[in-house]
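Chain by chain, the residues run as shown.
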Amino acid sequence: MPRALITGVTGQDGSYLTELLLGLGYEVHGLIRRASTFNTDRIDHLYQDPHAPDARLFLHFADLTDGTGLRQVLEEVQPHEVYNLGAQSHVAVSFKQPEYTADVDGLGTLRLLEAIRDVQGRTSDVIRLYQAGTSEMFGGSPPPQSETTPFYPRSPYGAAKVMAHHLVVNYREAYGLHMSNGILFNHESERRGETFVTRKITRAATRIKLGLQEVLYLGNLDAERDWGHAEDYVRAMHLMLQQDEPDDYVIATGESHTVRAFVERVFAALELDWERYVRIDPRYHRPTEVDALRGDARKATERLGWTPVVGVDELVRRMVANDLELAHQERTLRDAGHVVAPRGLASA
Ligand code: NAP
Ligand code: GDD
């Protein structure tokens, strides 16, 4: 039975990748971080009692800032494939916590690569690695961006991911390890963190529709992004590790839209005039912005046979439907006299 280890298993992508790999017959091991509140919401539906004879999902406490723990888990699990999805993944937060972001996203990757090199060196069993790279690495380089576009990161997050990218290339060349970089453009979903702009918009617009919220504060509406659905993007991660040779691939839809256009689409789907509800709050502006991202994923199409299924209209439809249901639940509770607030309200 193939065995995979996923860092960031509790994140948006980690949850979809876990579903995909379990469906393909893998045994899946995920790293989780100790938190004072539960942080496994996205994978709770996949949980199996590890004592059950047919259990195939196992969780381990570890952290990318703790190399010893990473090594121990690798030794114990002996995975065939490692997916390094763990990261401080919020661009705006990376300006507030640059050192921490570099530690987790840059050095954390190095810790993992070193652990893989050691374990593989001792056992001679090949461990393939997927590194979660990002279009934020292109930053200021104009679109369309492909594997040959120069990196020009515009945030500590982007810079840390560039470090990780180059380390993966170096470990591949220096030690002959099977390590691939995915350079993924923005991908969203019904499970997207609520402080990323698409989900912030769909959550707010659906709450406004049901009279639970009055205003949506946003930052730069002119930024352009190439938005796909996370379910499509985790398929690409898996495909990369099934190739004979490791390589780097851009994963994108090839279409971009402004944040304003995304807002318009979402509010229109709810028959609302967005201009009545959206205000600009400069606190959401970034010290340096990535103005335009639009990916050229032809290499992935040609070599991996990968194409996205969900376009932006279907993405909006799915996210709005999901969040409208959440808003209805909140409305029902409120109408029954319960004091409720959406989860994570204080960090939005
Ligand atoms: P996400 O929802 O923010 O999930 C991040 C995951 O990383 C969570 O499981 C989180 O754990 C974990 N994590 C954070 N700090 C960690 C640490 N110190 N040690 C171990 N794990 C840690 O991100 P995502 O959207 O799924 O993205 C997955 C990966 O792809 C990230 O590396 C991201 O940078 C990259 N990426 C994302 C996109 C996108 O558009 N979604 C595009 C390109 C690249 P907790 O749940 O405990 O916080
Ligand atoms: N988060 C947020 N909140 N973004 C806003 C807001 C707001 O209120 N208002 C405008 N924006 C703009 C941001 O300035 C940015 O230009 C754009 O919306 C998208 O922001 P995010 O959704 O936070 O995503 P991101 O593009 O910065 O980063 C995401 O995609 C990267 C891939 O390109 C993250 O998932 C990264 O982890 C990922 O690497």
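For the structure, check the block above.
Sequence positions are assigned chain by chain, starting from 1 and proceeding in written order. Lettering of chains starts at A and numbering of ligands starts at 1, both following the order in which they are written. With the structure being a predicted model, the display of local features is reserved for residues of pLDDT at least 70 and the display and counting of side-chain atom pairs for 80 or more, all residues being used for whole-chain, interface and lining totals. As a rule here, side-chain values cover all heavy atoms of the structure and leave hydrogens and water aside.

**Focus on the site of ligand 1**
Residues are counted as near a molecule or strand when any one of their heavy atoms sits within 4 Å of it. Neighbouring ligand 1 are 25 residues; Thr10, Asp63, Ser89, Tyr157 and Lys161 lie closest to it. Between ligand 1 and the protein, one listed contact pairs an oxygen atom with a side-chain N or O atom of Tyr157 at 2.5 Å. N or O atoms within 3.5 Å of each other form a polar contact, as long as, within protein, one can give a hydrogen and the other can take it, and as long as residues adjacent in sequence are counted only when both atoms are side-chain atoms. His187 places a polar main-chain atom, nitrogen or oxygen, 2.9 Å from an oxygen atom of ligand 1. Every accessible area reported is derived by Shrake-Rupley at a probe size of 1.4 Å, with residue values counting cover from the shown protein chains alone. Protein contact buries 89% of the 900 Å² of open area that ligand 1 shows by itself. The numbering of helices and of strands both runs from the N terminus, where a helix is a DSSP run of H or I of at least 4 residues and a strand a run of E of at least 2. Contributing elements (two or more residues each) for the shell around ligand 1: helix H1 (12-23), helix H4 (98-123), strand E5 (128-134) and helix H5 (156-175). Broken down by element, the shell around ligand 1 gets its largest block of residues, three residues, from E5.

**Concerning the pattern of salt bridges**
By definition here, a salt bridge exists when the distance from a side-chain nitrogen of Lys or Arg to a carboxyl oxygen of Asp or Glu is within 4 Å. Applying the stated rule across the entire model yields 25 salt bridges. Note that Arg334 and Glu330 form a salt bridge whose closest N and O atoms lie 3.3 Å from each other. Note that Arg334 and Glu330 are positioned in helix H10 (residues 312-335) at a spacing of four residues, about one turn of the helix. Residue Glu330 is classed as buried on the basis of its relative accessible area of 7%. The network of salt bridges with common partners includes Glu194, Arg199, Arg203 and Asp323. Here's how the labels work: a residue is buried when its accessible area is under 20% of the maximum for its type, exposed when over 50%, partly exposed in between, all with a 1.4 Å probe on protein chains only.

**With respect to the sheet that holds strand E3 (residues 57-61)**
An order of E3-E2-E1-E4-E5-E6-E11 is seen for the seven strands of this open sheet, with the pairing classed as parallel. Looking at strand neighbours, the two that pair on one side only are E3 and strand E11 (248-251), the edges of this open sheet. Strand-to-strand twist in this sheet, taken as the mean axis angle between neighbours without regard to direction, amounts to 20 degrees. Working rule for contacts: check all heavy atoms of both residues, and any pair within 4.5 Å makes them a contact. In this description, a line fitted to the C-alpha atoms serves as the axis of each element, helices being fitted only across the stretch in contact, and the angle between N-to-C directions of two axes falls anywhere from 0 to 180 degrees. Here H5 sits on the sheet and contacts E5, strand E6 (179-184) and E11; the angle it forms with E6, its principal contact strand, is near 150 degrees. Between any two strands, at least two bridges found by DSSP are needed for them to pair.

**Some thoughts on the site of ligand 2**
Close contacts around ligand 2 come from 24 residues, with Thr134, Ser135, Tyr157, Arg286 and Glu289 the closest. Side-chain polar atom of Asn186 to an oxygen atom of ligand 2: 2.7 Å apart, as the coordinates give it. With respect to ligand 2, the backbone of Gly219 contributes an N or O atom lying 2.8 Å from a nitrogen atom. Here ligand 2 loses 95% of its free accessible area of 710 Å² to cover by the protein chains. Those elements giving two or more residues to the shell around ligand 2 turn out to be helix H6 (197-209) and strand E8 (216-218). Polarity classes work like this: nonpolar for Ala, Val, Leu, Ile, Met, Phe, Trp, Tyr, Cys and Pro, charged for Asp, Glu, Lys and Arg, and polar for all others, with Gly in that last group. Among the residues forming the shell around ligand 2, the class breakdown is 10 nonpolar, eight polar and six charged.

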